[in-house]
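Survey of secondary and tertiary structure
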Amino acid sequence: MEMRKFPWKIWLLVIVLAVSFSGGAAAAATGQASTAGSGTEPVLRVGLLTGQASVQVSAPSTFVVRDAATGQGLEKYAAHAAVTLTVRNRQILLNGKAIAAKAVTVLPADAKKAPGGELASRAYRGTLWIRLVGNAYTVINEVGMEDYLEGVVPAEMGENWPAEALKAQAVAARTFALYTRSKHAADGYDVCATTHCQLYEGIEAETASTHAAIAATRGEALYYNGQPIYAAFHSSSGGMTAGSDEVWGNSLPYLRPVQDEDTVSPHHHWQVRMTAPQVQLKLQAAGYQIGILKKVELTPLVLGAGRTADRSASGRVQLVRFYGTKGEASIPGTKMRQIFGLNSTLFDIRLEIPN
């Protein structure tokens, strides 16, 4: 695996990345940096809203709403003026006035000013595109990669983390964006603004510390065999990351299980306490009729011990066996999470007998 930086700079790096899995699973990679690419900053189309019957847009300076297809100026507005777009008979209405365009953009009236727009009082860098699809609007923010990261890194990690952690997050987020650029191609944009892709909160999320991390790693991304890696990330691994085959079924050589001592994370340790009758009721509600619970079988959790009959290579639970007076049930670890509301499949089961 290699690190690529735009533009040119050669250096070495060893980095650990984690794969998100609903708050638990993760995987790691090591890599070497190299130079590559033309140095052109990628532009992302971020889907902010879809399926809206009306939207309200503005801009921080005097702006023009233009026909997105022709570039023709349609209306000029003062800074922060609210422009409401509604729809009637599959036609765009600007503050109630019908126009022929099927998509419009919000751009500063002064071409020397940097593009920027406001949607529902939230400001974004780059250009706002508002497309009419049938009788509903899709709002897209067209923005350069580095400006996109300004709204992602603080939203995903927060400004108070150590500088090196913020730099690693910036590299991971940049790589993840490159990898997932076609995720929403059918919707007319590259990535969405939610955790389905990466959380993106625009200008209001920006901070000095995350800006410094993004600037310090400008253009850096992780590649394997010439392609951006799947650099998904997690909030806490519970002490052991997961391999990609455990999570998605496909084995990626750069996403293998490694120990990850993140004990300072507030999510590193957690517990769910239940009585035997409560367990029985939850199993019954999930369709498992075992009667009165007599025994539970699960290999004890030992991080780094490797695969067992009921645990994956990272120690995550693949199967738990419950025995009762009316029968037994073998329940997959992912199903256990649903039934008992667990944070991850990296868990153990302990029997407590009161005095």
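That block above? That's the structure.
To keep things clear, this report deals only with the structure shown in the data block. No experiment lies behind these values; they were computed from the predicted model shown.

Regarding the sheet that holds strand β6 (residues 73-77)
Spatially, the 7 strands line up as an open sheet ordered β6-β5-β10-β13-β14-β3-β15, and their pairing is mixed. Strands with a single pairing partner mark the edges of an open sheet, and in this sheet they are β6 and β15 (191-192). In the sheet, strand β3 (residues 43-52) pairs with β15 via 2 bridges, with the strands oriented parallel. Residue Gly47 lies in a different strand from β15, and its bridge partner there is Cys192. Contacting β3, β14 (136-144) and β15, helix α1 (residues 145-156) crosses the sheet at an angle of about 110 degrees to β14.

Considering the layout of surface pockets
Empty space among the atoms can be located by rolling a probe the size of a water molecule over them. The volume enclosed by the largest pocket comes to roughly 1300 Å³. Of all the elements in the fold, those that place two or more residues in the lining of the largest pocket are α5 (276-285), β18 (293-297) and α6 (333-340). For the lining of the largest pocket, the element with the highest residue contribution is β18, accounting for 5 residues. Looking at the lining of the largest pocket residue by residue, the class counts come to 18 nonpolar, 13 polar and 7 charged.

Side note on the packing of α1 against helix α3 (residues 208-216)
Two elements in contact, α1 and α3, have axes separated by 9 Å at closest approach and are oriented at 135 degrees. Classified by the angle their axes make, α1 and α3 are oblique. Where α1 crosses over α3, the two elements pack in a sense that is right-handed. Contacts from Glu146, Leu149, Glu150, Val153 and Pro154 of α1 reach α3 at Thr210, His211 and Ile214. Within the contact of α1 with α3, the residues separate by chemical class into 4 nonpolar, 2 polar and 2 charged.

Topic: the sheet that holds strand β20 (residues 327-332)
The 3 strands are arranged β18-β19-β20 in an open sheet whose pairing can be described as antiparallel. At either margin of the open sheet sits one strand with a lone partner, and together these are β18 and β20. Each neighbouring strand pair of the sheet contributes to a mean axis angle of 20 degrees, computed without reference to strand direction. Pairing of β18 with strand β19 (residues 319-324), which is carried by 4 bridges, proceeds in the antiparallel orientation.

Digging into the environment of Ala136
Tracing the backbone shows Ala136 in strand β14. In this structure Ala136 touches Gly51, Gln52 and Arg131, once residues within four positions along its chain are discounted.

Quick notes on the environment of Pro108
Looking at the element boundaries, Pro108 is found in strand β10 (residues 103-108). With 48 residues separating them in the primary sequence, Pro108 and Pro60 have C-alpha atoms 8.5 Å apart. Excluding residues that lie within four positions of it along the chain, Pro108 makes contacts with Ser61, Thr62, Phe63, Lys113, Ala114 and Pro115.

Things to note about α3
Taken together, the buried positions of α3 are occupied by Thr210, Ala213 and Ile214. Looking down the long axis of α3, one finds its buried residues gathered within 95 degrees of arc, a one-sided arrangement. Residues of α3 that are buried sit in contact with α1 and α2 (163-179).

Some words on α6
Every buried residue of α6 is listed here: Gly333, Met336, Arg337, Ile339 and Phe340. Check the buried side of α6 and you find it contacts α5, β19 and β20. Looking one or two places after α6, you find Gly341, whose phi comes out positive at around 65 degrees.

What to know about the packing of aromatic side chains
This model, assessed by the stated rule, comprises 9 aromatic pairs. Geometrically, the ring pair formed by Phe63 and Tyr77 is stacked, given 5.4 Å between the ring centres and 25 degrees between the ring planes. Of this pair, Phe63 sits in strand β5 (residues 63-67) while Tyr77 sits in strand β6, placing them 14 residues apart in sequence. Across the pair, exposure class does not vary: Phe63 and Tyr77 are buried alike. Between Tyr179 and Tyr230, the ring centres sit 5.0 Å apart and the planes meet at 50 degrees, which makes this aromatic pair tilted. You can see Tyr179 sitting in helix α2 and its partner Tyr230 sitting in the loop between β17 (227-228) and α4 (244-247), a full 51 residues away along the chain. The class of Tyr179 is partly exposed, set by a relative accessible area of 41%. Classification of Tyr230 as buried rests on a relative accessible area of 17%. An aromatic cluster of at least three residues, connected via ring pairs, comprises Phe176, Tyr179, Tyr230, Phe233 and Trp248. The ring of Tyr323 has Lys295 sitting right over it, with the charged end atom 4.7 Å from the ring centre.

Calculation notes
- Residues take numbers from 1 onward in each chain, read along the sequence in its written order.
- Predicted model: local features are reported for residues with pLDDT of at least 70 only, side-chain atom pairs are reported and counted for 80 or more only, and whole-chain, interface and lining totals are derived from all residues.
- Neither water nor hydrogens contribute to the side-chain values; these are computed over all heavy atoms in the structure.
- Here the rule is simple: two strands pair whenever DSSP picks up at least two bridges between them.
- Under the scheme used here, helices are H or I runs from DSSP no shorter than 4 residues and strands are E runs no shorter than 2 residues, and both carry numbers assigned from the N terminus.
- We call two residues in contact when some of their heavy atoms are within 4.5 Å.
- Fitting a line to C-alpha atoms yields each axis, with helices limited to the stretch in contact; the angle taken between N-to-C directions then spans 0 to 180 degrees.
- We place a 1 Å grid over just the protein atoms. Points where a 1.4 Å probe fits but has no way out form a cavity, open points with protein on both sides within 12 Å along at least 5 of 7 lines form a pocket, and any residue with an atom within 4 Å of a point lines it.
- Grid points are joined across faces, edges and corners, and a volume is the space filled by probe spheres set on the points.
- Gly counts as polar in this scheme, as do all residues outside two lists: the nonpolar Ala, Val, Leu, Ile, Met, Phe, Trp, Tyr, Cys and Pro, and the charged Asp, Glu, Lys and Arg.
- These descriptions rest on fixed angle ranges, namely under 35 degrees for roughly parallel, over 145 for roughly antiparallel, 65 to 115 for roughly perpendicular, and the rest for oblique.
- Crossing handedness: left-handed means the near helix sits turned counterclockwise from the far one by under a right angle, and right-handed means the same turn made clockwise.
- Only protein chains enter the area calculation, which uses a 1.4 Å probe; residues under 20% of their type maximum are buried, those over 50% are exposed, and those in between are partly exposed.
- Arc definition: it is the arc formed by the directions from the helix axis to the C-beta atoms.
- A pair of Phe, Tyr and Trp rings is counted when the ring centres sit within 6.5 Å of each other, with Trp represented by its six-membered ring. The angle between the planes then sorts it: under 30 degrees is stacked, over 60 is edge-to-face, the rest tilted.
- By the criterion adopted, a ring carries a charge over it if an Arg CZ or a Lys NZ lies within 6 Å of its centre and within 35 degrees of its normal.

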